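If you want the building blocks of each chain, they are given just below.
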Amino acid sequence: MSILEYNGGSVVAMRGKKCVAIAGDLRLGNRNMTLATNFEKVFPINPKLYVGLPGLQTDVLTLKERFRFRTNMYKMKESRDISPLTFARLVASTLYERRWSPYFVEPVIAGLDETTNEPFIAATDLIGCLNFAKDFVVSGTASDKLFGVAEALWEPELESEDLFETISQTLLNAVDRDALSGWGAVVHVITADKIITRTLKARMD
Amino acid sequence: MESSFAITGKDYTLIVSDTSAAHSIVRMKDDEDKMRVLSPHLVMAYNGEPGDTVQFAEYVQRNLRLYGIRNNVELRPAAAAAWTRRELADSLRSRSPYQVNLLLAGFDVPSSRPALYWIDYLGTLASVPYAAHGYASFFVTSTLDRYHTPGASLEEGLELARRCADEVEKRLIVSGGGWKVRVVDREGAREIKLREGQA
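Residues numbered from 1 in each chain as written. Chains lettered and ligands numbered in written order. Predicted model: local features only at pLDDT ≥ 70, side-chain atom pairs only at ≥ 80, totals over all residues. Heavy atoms only, no water.

Asker: An account of the overall build of chain B is requested, with residue identities and associated values reported.
Answerer: Within chain B, the regular secondary structure consists of 4 helices and 12 strands. Taken over C-alpha atoms, the radius of gyration comes to 16 Å for chain B, in line with the 16 Å a tight globule of 199 residues would show. Projected onto its principal axes, the C-alpha coordinates of chain B cover approximately 45 × 40 × 30 Å. Of all intrachain contacts in chain B linking residues separated by at least 6 positions in sequence, the fraction that spans at least 24 positions is 62%. Accessible surface computed for chain B: about 9,800 Å², of which carbon and sulfur atoms make up 50%. Each charge class in chain B can be summarised by its mean position, and for the 25 positive and 26 negative side chains these summaries are 2 Å apart. (Helix = DSSP H or I, 4+ residues; strand = E, 2+ residues; numbered from the N terminus. Rg over C-alpha atoms; globule rule 2.2 N^0.38 Å. Contact = heavy atoms within 4.5 Å. Areas by Shrake-Rupley, 256 points an atom, 1.4 Å probe, with all protein chains shown as cover. Lys, Arg positive; Asp, Glu negative; His and termini not counted. Charge placed at Lys NZ, Arg CZ, Asp CG, Glu CD.)

This is the structure in structure tokens:
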């Protein structure tokens, strides 16, 4: 079992029409045993920018704290919220700093540009290689399954309610085929004026 | 062999550790206290590499005590857990990591809620209603999945703890000596007997 699979967990993000959505499961495991079913791995950076951090939980928590520190410092110095693209590059450089002893996390980023409200999604590998996808990004133990379902269900220019349905079905069906992900799911849909967070009714096994 | 588990209830947290100290095939001691009282409303049970365990547990205990002395108020369970986790996460990528797993049981006085945190040597942190470390976790977690209720009274909690202890004694091939139980509630942390007539 790879160290990236030790705690389990998966995240997916999708781009829509003037909106983005990011969703993650809630499982925290210890190899094949489930420890907790309330571990959210998608965190807000600012009101229109979320980051999903699946992977080794100790590094997930450390990175969450490091990003909080670095974006708070950015906000104090620049007197503005960090833009999604800049944040993506911040994530990449934070990860590459540990090139030879990496954080075992493969982040997913989703947000709206703070001035233009242009939708933005991105993902990186554990050493900070950025992927600026136009459609969707996936990460975690169910990533192969997420690729499959997302490829089938996603289409461009989905409105926020349709995007919510699409991303929910993508996550639910993918994690149901993965032993190490699941036990609940949370979806955030980000639009220009609001974020709607919903907890999905999922298979609890 | 080393087992510990903890249960939250309506307004308390129970934490239970086995009391056997073994070296290979020899049981050196059967009344070892594998917990440290970190502050008036926080108790920590530890498992893992001998030596590392006591060193790290006392390090945490003394740092939290110092915080209390400097600031005249004890650190709340969530903050203490976050600090402890950070120490373990930093230790993980050092030359010689602490191989210690912990259960942090406390009572958060400002919100009047019990608190329980499962922490392992990697710096994994889980805030849970009940938890266990060691081989016991395989038996105790499923027992608690079945019988735990969130708002249980202390009597009900002790009943549940007895059920868990019975399961471990029945199914784990190496017996854990006895059990040390502490309860943390609004009044603080105190020892309690698991069964009547027990030393």
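Asker: Give me the lowdown on helix 1 (residues 57-78) of chain A, citing residues and values where you can.
Answerer: For helix 1 of chain A, which comprises 22 residues, the first-to-last C-alpha distance of 31 Å matches the rise-based estimate of 32 Å (1.5 Å per residue) to within 8%. Considered for burial, the residues of helix 1 of chain A that qualify are A:Gln57, A:Thr58, A:Asp59, A:Val60, A:Leu61, A:Thr62, A:Leu63, A:Phe67, A:Thr71 and A:Tyr74. Contact partners of the buried residues in helix 1 of chain A: strand 3 (28-30), strand 5 (42-46) and helix 2 (84-96) of chain A together with helix 2 (77-92) and strand 9 (125-127) of chain B. Two residues or fewer past helix 1 of chain A, A:Ser79 is found with a positive phi of approximately 55 degrees. (Expected span 1.5 Å × (residues − 1). Buried < 20%, exposed > 50% of the residue type's maximum accessible area, 1.4 Å probe, protein only.)

Asker: Talk me through the interface of chain A and chain B; I want residue IDs and the actual numbers.
Answerer: In this assembly, 19 residues from chain A lie in contact with 16 residues from chain B. Together, the buried faces of chain A and chain B total about 1,400 Å²; carbon and sulfur atoms form 52% of this surface. Of all residues in chain A, the largest losses of buried area upon contact with chain B belong to A:Met33, A:Leu35 and A:Thr58, amounting jointly to 34% of the total for that side. Scanning the region where chain A abuts chain B turns up 2 salt bridges. Ionic pairing is found between B:Arg86 and A:Glu65, a salt bridge with its closest N-O pair at 2.5 Å. Elements supplying a minimum of two residues to the side of chain A that touches chain B: strand 3, strand 4 (33-36) and helix 1 of chain A. (Buried area = accessible area lost by both parts, 1.4 Å probe. Salt bridge = Lys/Arg side-chain N within 4 Å of Asp/Glu carboxyl O.)

Asker: Before we move on, could you go through the packing of helix 3 (residues 136-147) of chain B against helix 4 (residues 154-171) of chain B and cite the residues and values that matter?
Answerer: All names here are of chain B. Two numbers describe how helix 3 lies on helix 4: the axes approach to 9 Å, and their chain directions differ by 145 degrees. In the crossing of helix 3 with helix 4, the sense of the turn from one axis to the other is right-handed. Packed against helix 3, whose contacting residues are Ala136, Phe139, Val140, Thr143, Leu144 and Tyr147, the element helix 4 presents Leu160, Arg163, Cys164, Glu167, Val168 and Arg171 at the interface. Of the residues that constitute the contact of helix 3 with helix 4, the class distribution is 8 nonpolar, 1 polar and 3 charged. (Axes fitted to C-alpha atoms, helices over the stretch in contact; angles between N-to-C directions. Left-handed = near helix turned anticlockwise from the far one by under 90°. Nonpolar A, V, L, I, M, F, W, Y, C, P; charged D, E, K, R; others polar.)

Asker: Lay out the packing of aromatic side chains with the relevant residues and their values.
Answerer: Residues and elements named next belong to chain A. Summed over the entire model, instances satisfying the criterion amount to 7 aromatic pairs over all chains. With a centroid separation of 6.4 Å and an interplanar angle of 65 degrees, the aromatic rings of Phe136 and Trp154 are classed as edge-to-face. Highlighted residues: Phe136 in strand 10 (residues 136-140) and Trp154 in the loop between helix 3 (143-153) and helix 4 (160-175), separated in sequence by 18 residues. Considered together, Phe136 and Trp154 belong to a single accessibility category, that of buried residues. (Phe/Tyr/Trp six-rings, centres within 6.5 Å; stacked < 30°, edge-to-face > 60°.)

Asker: Explain the environment of A:Glu97 to me, and be specific about the residues and the numbers.
Answerer: Residue and element names in this part refer to chain A. Along the chain, the position of Glu97 falls in the loop between helix 2 and strand 7 (108-112). Taking the C-alpha atoms as reference, Glu97 lies 38 Å from Glu159; in sequence the two are 62 residues apart. With residues up to four places along the chain from it excluded, the contact list for Glu97 reads Arg66 and Arg70.

Asker: How would you sum up the nonpolar core? Please name residues and give values.
Answerer: If you look at the biggest cluster of nonpolar residues, it comprises 58 residues, and the most contacted ones within it are A:Leu53, A:Phe87, A:Ile109, B:Ile15, B:Leu102 and B:Leu104. In terms of residues, this core owes the most to one element, strand 7 (residues 100-108) of chain B, which gives 6 residues. When near neighbours in sequence (up to four residues on either side) are disregarded, B:Leu104 contacts B:Leu38, B:Leu42, B:Val43, B:Met44, B:Pro77, B:Ala80, B:Ala81, B:Ala115, B:Leu116 and B:Tyr117. Among the nonpolar cores identified, the runner-up in size contains 25 residues, and A:Ala23, A:Leu146, A:Trp154 and A:Phe164 belong to it. (Core = buried A, V, L, I, M, F, W, Y, C linked by side-chain atoms within 4.5 Å.)

Asker: Talk me through the pattern of salt bridges; I want residue IDs and the actual numbers.
Answerer: Residue and element names in this part refer to chain B. The full count for this structure, using the stated rule, is 26 salt bridges over all chains. For Glu2, the salt bridge is made with Lys34, and the minimal N-O distance between the two is 3.5 Å. Taken together, the positions of Glu2 in the segment before strand 1 (4-8) and Lys34 in the loop between strand 4 (26-29) and strand 5 (35-39) put the pair 32 residues apart, joining distant regions of the chain. Put simply, Arg62 and Glu58 hold a salt bridge, and the shortest N to O gap is 3.9 Å. You can see Arg62 and its partner Glu58 sitting in helix 1 (residues 52-71), 4 residues apart, about one turn around the helix. On the basis of relative accessibility, which here comes to 22%, the residue Glu58 falls in the partly exposed class.

Asker: Describe the sheet that holds strand 2 (residues 12-18) of chain B, and please don't skip the residues or the numbers.
Answerer: Residue and element names in this part refer to chain B. If you trace the 5 strands from one edge of the open sheet to the other, you get 10-1-2-11-12, paired in antiparallel fashion. In this open sheet, the two edge strands, each paired with only one partner strand, are strand 10 (130-133) and strand 12 (188-192). Mean inter-strand twist for the sheet, computed between neighbouring axes without regard to direction, equals 15 degrees. Bridge analysis of strand 1 against strand 10 gives 4 bridges, and the strand direction is antiparallel. The residue bridging Phe5 from the neighbouring strand is Ala132, located in strand 10. (Pairing = 2+ DSSP bridges.)

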